[in-house]
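Here is how the chains run, residue by residue.
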Amino acid sequence: MKFGGIWRKAGAWMAAAGMLASGVASANPQPWQLNLTAGVTDTSHKVYAMHMAAFWVCVGIGIVVFGAMIVAMVRFRKSKGAVAEKWSHSTKLELLWTVIPVLILIGLAWPATKTLIYMASTGSADMTVKITGYQWKWRYDYVDYQGKPVNRVGFISKLDAQSDRIRQLGSGLDPWSAKDADGYNDYLLNVDHPLVLPAGVKVRFVVTADDVIHAWWVPQLGWKQDAIPGIINDQWTKIDEPGIYRGQCAELCGQDHGFMPIVVKVVPKAEFEQWLAAQEAAGATEQAARTAQANVPARAGQG
Amino acid sequence: MATHAATHDHHDEKPEGFLDRWLFTTNHKDIGTLYLVFAFIMVCIGGAMSGVIRAELMKPGMQLVQPYFFNEMTTMHALVMIFGAIMPAFVGLANWMVPLMIGAPDMALPRMNNWSFWILPFAFALLLSTLFMAGGAPAGGWTMYPPLVLQGGNAIAFMIFAIHLMGISSIMGAINIIATILNMRAPGMDLLKMPLFVWTWLITAFLLIAVMPVLAGAVTMLLTDKYFGTSFFNAAGGGDPVMYQHIFWFFGHPEVYIMILPAFGIVSEIIPTFARKPLFGYRAMVYATACIAFLSFIVWAHHMFTVGMPLGGELFFMYATMLIAIPTGVKVFNWVTTMWRGSLTFETPMRWAIAFVILFTIGGFSGVMLAIVPADFQYQDTYFVVAHFHYVLVTGALFSIIAAIYYWWPKWTGRMYNEKWAKFHFWWSMVFVNVLFFPQHFLGLAGMPRRIPDYNVAFADFNFISSIGAFGMLLTPIMFFFILWHSKKYGAKADARSWEGAKGLEWTVPSPAPHHTFSTPPVIDDSALAHGDVTH
Ligand SMILES: [Cu+2]
């Protein structure tokens, strides 16, 4: 959407406002989007609820504080003959506005703690994927699926060629022209090989990096996780709805930090199993060919 | 900005000659002026860099600079603004005002004072020179996280040396302020009678002494990792990149309060003046400041919730961070209550102070949201954070500095500024600063990471608006300079007590303040203090 078309913009604003009110979010960033996405996982819904709770608490306090300031600025003007009073202390008041915020904060900390404990439970996953950050691409290795090790399925995922052409300095190409099959503009949010995951399966991620620190972030999943060389972090997700979920590297990682997107493609379980089997077979064939050619023993798995 | 005082008092003993007056000065007022002039130049340089950033981000697609240069700009913009503009400006205000507010003839250590300042131009010459070096300026972010920062060229060594110099300057400045406040108060100026600006600076100075050496340690370890083969932060050598972040933010979080506590002090001076009513809850304000300073040491890891800390660590830092809202809330409530049933006028310093209270509070709100760890997993490293800290540092720290300059300008120069132009400057800034930073909340929530030079078209509209705001803000230093220059040259003469409701010792000396003040200690009249009855 370009500049021009006031009505289009007004429509978008209304849509965005509707989204803010109803809490329904679309899967990808939208023009004029005002609010956080509610996402597509239980985790992201809980995170969204925490976000909104904190937001409304701030709005409430803001109304009281700014309201009082506005009333003071209107009523107690010298030009209206206001005479300053002399008092400068009130133990009661000061106690009141220490205790009430404490209670409000406890009210926020309680659900936040519960959410955090929920998010930390990476156990009993049906599948493990290893995510490795590189300058400036991601590598995904499928470690195990339903208790069985996955045989040599892993690939590099990097910015798609179209975005890469457009984003060159002075390319003269129009970022608005990058559209995927659904007509969604995927400029800088598309990759050559998306991470494929099954719907309805709890996936555990182990996240690390090879060179510098990156951060793996898909807003629809409700979290981001730093990918740090020498350290393995873990996270989990369970996405029920098949779809395409986009994100980006969130930790400054050098010149192309802005150009290492993440795409998660969630497919029905059966379809995923087919895909995984095909990948394993392809991996095995490739490996066999390579072994024959180079006549050296195959290296231990890439996982 | 002013480079020399407008009127010459008979008893003035200003040194003749430019070098004697400025290079060799040991006078707290002249050194204060030097700090403020330096900060103004740095604001212009840092602002120009933000101009490059916002120009590139105005539209999707890369139009102006290479991504690497963009990273140089974000890195240098932060370093220049934090260490070159905000901190020196507050030190300049402390130099000018602390002796005047406590009835001291000068700073306790005047020669060291000179050195503290004159280190800074060299530090920044070193830092800025890296822009012209082969390989470019540091581009790993002002937080200098390894391993990324170590990929940079030899600019890193220059940056580290510059940071050491700034650190020495800050530590000496802090020692000087503490020595002055603890030893040089006029008889009767008890600690709990001191103006809040003095109190906040006393506490800030302790923070500086505590954490600048920590930063020095962290960057020195970076230096040895890069040049001497150590592996403090190098995973391949058994080091830990996350350890750097812990050390850095152990400095970095108190640093945030170093940049905001003096602002609290300034606003606590200005609001009572223009409300013509004593500051509400003086002691609570002092204790809240101390409380914030203490808490600032135990919340550092909230800058790194996503590095993968254990659950217990996440919870501890979340609770501690949320606690900060309590003393900060006390401050905001006390400012509002100070205005309540006052007799308000809205001269320019008061406008900036009120804008500070409102906009800083908005920055505080996003701060509370960021403290909620599960939500922070979404906000971390997005434009939501960028919006948050610019509300705190621009409409917070910078606005308070501008408020302070308008407030004390008549005392410094003996001239009033043009109220009409100053109000225009205020409203212009008020509009454009919000056009600049408010949409960044939306961008962050919608999913735009920070420190990226290009973005999906979904983020185009608010980025465009934000850039318009930035270009509006870039005009404000020019306006400010012109208003101050005009005042210096043609402004109406100011009274000793330049504002009707102004209280405190600084208003008992003539305007402009003579080169030497309080050579004999003043007699303290409790009822003339800004916070009135201090027995409560
Ligand atoms: Cu990255």
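Residues numbered from 1 in each chain as written. Chains lettered and ligands numbered in written order. Predicted model: local features only at pLDDT ≥ 70, side-chain atom pairs only at ≥ 80, totals over all residues. Heavy atoms only, no water.

Draft legend 1. Focus on the overall build of chain A. The helix and strand tally for chain A stands at five helices and 10 strands. Counting the 303 residues in chain A, one finds 47% classified as buried. Restricting to contacts in chain A with at least 6 residues of sequence separation, those with at least 24 account for 62%. Surface summary for chain A: the accessible area is close to 14000 Å², and the carbon and sulfur share equals 61%. (Helix = DSSP H or I, 4+ residues; strand = E, 2+ residues; numbered from the N terminus. Buried < 20%, exposed > 50% of the residue type's maximum accessible area, 1.4 Å probe, protein only. Contact = heavy atoms within 4.5 Å. Areas by Shrake-Rupley, 256 points an atom, 1.4 Å probe, with all protein chains shown as cover.)

Draft legend 2. Fine view of the interface of chain A and chain B. Contact residues are listed per partner, giving 97 residues for chain A and 100 residues for chain B. Seen at the junction of chain A and chain B, the total is one salt bridge. For Lys78(A), the salt bridge is made with Glu500(B), and the minimal N-O distance between the two is 3.0 Å. Secondary structure elements with two or more residues in the side of chain A that touches chain B: α2 (42-75), α3 (91-120), β7 (223-227) and β9 (243-249) of chain A. Along the lines of polarity and charge, the residues of the side of chain A that touches chain B split into 58 nonpolar, 26 polar and 13 charged. (Salt bridge = Lys/Arg side-chain N within 4 Å of Asp/Glu carboxyl O. Nonpolar A, V, L, I, M, F, W, Y, C, P; charged D, E, K, R; others polar.)

Draft legend 3. Here's a closer look at the nonpolar core. Counting residues in hydrophobic clusters, the biggest one holds 274 residues, and the most contacted among them are Tyr142(A), Trp216(A), Phe83(B) and Trp408(B). Considering every element that reaches this core, the biggest residue donor is helix α3 (residues 67-102) of chain B, with 23 residues. Setting aside anything within four residues of it in sequence, one finds Trp216(A) in contact with Ile131(A), Trp138(A), Tyr140(A), Leu195(A), Phe205(A), Leu221(A), Trp223(A), Lys224(A), Gln225(A), Ile262(A) and Val264(A). Within the second largest apolar cluster, seven residues are counted, among which are Ile166(A), Ala178(A), Leu188(A) and Phe259(A). (Core = buried A, V, L, I, M, F, W, Y, C linked by side-chain atoms within 4.5 Å.)

Draft legend 4. Representation of the layout of surface pockets within the structure. In this structure, the second largest pocket occupies an estimated 450 Å³ of space. If you trace the second largest pocket, you find 19 residues lining it, with Phe55(A), Val59(A), Ile362(B), Met369(B) and Phe438(B) closest to the centre. Secondary-structure elements contributing two or more residues to the lining of the second largest pocket are α2 of chain A together with α12 (348-371) and α15 (419-446) of chain B. If you tally residues by element for the lining of the second largest pocket, the top one is α2(A), at six residues. (1 Å grid on protein atoms, 1.4 Å probe; cavity = no way out; pocket = protein on both sides within 12 Å on 5 of 7 lines; lining within 4 Å. Points joined across faces, edges and corners; volume = space filled by probe spheres on them.)

Draft legend 5. Inspection of the pairing of strand β2 (residues 137-145) of chain A at higher detail. All names here are of chain A. Relative to β2, strand β1 (residues 127-134) is paired through eight bridges, and the arrangement is antiparallel. Directly across from Gly133, in β2, lies its bridge partner Trp138. The antiparallel pairing of β1 with β2 creates a hairpin that spans two residues between the two strands. Examined bridge by bridge, β2 and strand β3 (residues 148-157) share seven bridges and lie antiparallel to one another. Looking at the pairing, Trp138 lines up with Ser157 of β3. If you look at the hairpin formed by β2 and β3, you'll find two residues sitting between the two strands, and Gln146 has a positive phi there, around 50°. (Pairing = 2+ DSSP bridges.)

Draft legend 6. Quick look at the UniProt feature "transmembrane region" (unreviewed entry) in chain A. All names here are of chain A. Under the present numbering, the feature "transmembrane region" (unreviewed entry) in UniProt falls on residues 53-74 and 95-112. Regarding residues 53-74, the helix share stands at 100% and the strand share at 0%, and the terminal C-alpha atoms are separated by 31 Å. Between the C-alpha atoms that bound residues 95-112 there is a distance of 26 Å. The span itself is 100% helix and 0% strand. (UniProt positions renumbered as here; feature names shortened; annotations may be inferred.)

Draft legend 7. Looking closely at the coordination of the copper ion. Residues and elements named next belong to chain A. Of the protein atoms, only His214 (ND1), Cys249 (SG), Cys253 (SG) and Met260 (SD) coordinate the copper ion, at distances of 2.1 to 2.5 Å. Coordination at the copper ion comes from four donor atoms whose angles at the metal span 95 to 128°, giving a geometry best classed as tetrahedral. In primary sequence terms, the donor set of the copper ion follows H-x34-C-x3-C-x6-M. Within this pair, whereas His214 is found in strand β6 (residues 214-218), its partner Cys249 is found in strand β9, the two being separated by 35 residues in sequence. Both residues of the pair, His214 and Cys249, count as buried. (Donors = N, O, S within 2.8 Å, 3.2 Å for Na, K, Ca; no water. Tetrahedral: all angles 85-135°; square planar, octahedral: opposite > 155°, others 65-115°.)

Draft legend 8. How the structure looks around the packing of α15(B) against helix α16 (residues 460-474) of chain B. All names here are of chain B. α16 packs onto α15 with a crossing angle of 155° between their chain directions and a minimal axis gap of 8 Å. One element, α15, and the other, α16, form an angle in the roughly antiparallel class. Here the hand of the crossing between α15 and α16 comes out left-handed. Note on element contacts: α16 touches α15 through Phe462, Asn463, Ile465, Ser466, Ile468, Gly469, Ala470, Gly472 and Met473, opposite Trp428, Ser429, Phe432, Val433, Val435, Leu436, Pro439, Gln440, Phe442 and Leu443. Its residues assigned to classes, the contact of α15 with α16 shows 13 nonpolar, six polar and no charged. (Axes fitted to C-alpha atoms, helices over the stretch in contact; angles between N-to-C directions. Parallel < 35°, antiparallel > 145°, perpendicular 65-115°, else oblique. Left-handed = near helix turned anticlockwise from the far one by under 90°.)

Draft legend 9. Local environment of the confidence of the model for chain A. Residues and elements named next belong to chain A. Per-residue confidence for chain A gives a mean pLDDT of 87; residues scoring 70 or more make up 88%. Counting contacts from residues 1-12, a segment whose pLDDT is below 50, to residues more than four positions away or on other chains yields 16 contacts. Here residues 298-303 scores under 50 on pLDDT; set against residues more than four positions off or in separate chains, the count is 11 contacts. (pLDDT = per-residue confidence, 0-100.)

Draft legend 10. Fine view of the UniProt feature "domain: Cytochrome oxidase subunit I profile" (unreviewed entry) in chain B. Per the UniProt record, "domain: Cytochrome oxidase subunit I profile" (unreviewed entry) is annotated on residues 22-525 of chain B. For residues 22-525 of chain B, the end-to-end C-alpha separation is 34 Å, with 68% helix and 0% strand making up the annotated structure.

Draft legend 11. How the structure looks around the side chain of Asp225(B). All names here are of chain B. Note that Asp225 resides in helix α6 (residues 196-227). At 11 Å, Lys226 is the nearest oppositely charged side chain to Asp225, a buried residue that forms no salt bridge. At a separation of 2.7 Å, a polar atom in the side chain of Asp225 contacts the side chain of Thr230. Not counting the four nearest positions on each side in its chain, Asp225 is found in contact with Leu150, Thr230, Ser231, Phe232, Phe233 and Asn234. (Lys, Arg positive; Asp, Glu negative; His and termini not counted. Polar contact = N/O pair within 3.5 Å; in protein donor to acceptor, adjacent residues only side chain to side chain.)

Draft legend 12. Highlighting empty space enclosed by the protein. All names here are of chain B. Inspection of every chain in the model, using the stated rule, returns six cavities of 30 Å³ or more. Size it by volume and the largest cavity reaches roughly 110 Å³. If you trace the largest cavity, you find 13 residues lining it, with Met87, Pro88, Val91, Ser169 and Ser170 closest to the centre. Those elements that provide at least two residues to the lining of the largest cavity are α3, α5 (155-183) and α6. No other element matches the five residues that α3 contributes to the lining of the largest cavity.

Draft legend 13. Fine view of the packing of aromatic side chains. One pass over the full model with this rule turns up 65 aromatic pairs over all chains. Here the aromatic rings of Trp142(B) and Phe248(B) are separated by 5.3 Å at their centres, their planes lie at 70°, and the arrangement is edge-to-face. A residue pair is termed long-range when its members are at least 10 positions apart, and Trp142(B) in the loop between α4 (110-129) and α5 and Phe248(B) in helix α7 (residues 241-258) qualify at 106 residues. We classify Trp142(B) as buried; its relative accessible area is 12%. Taking 6.4 Å as the distance between ring centres and 5° as the angle between the ring planes, the aromatic pair formed by Tyr407(B) and Trp499(B) counts as stacked. Taken together, the residues Tyr407(B) in helix α14 (residues 383-413) and Trp499(B) in the segment after α17 (476-490) connect sequence positions 92 residues apart. With respect to burial, Tyr407(B) and Trp499(B) carry one shared label: buried. Positioned over the ring face of Tyr118(A) is Lys46(A), at 4.4 Å from the centre of the ring. Seen from the ring of Trp217(A), Lys224(A) lies directly overhead, with NZ or CZ sitting 4.0 Å from the centre. (Phe/Tyr/Trp six-rings, centres within 6.5 Å; stacked < 30°, edge-to-face > 60°. Lys NZ or Arg CZ within 6 Å of the ring centre and 35° of its normal.)

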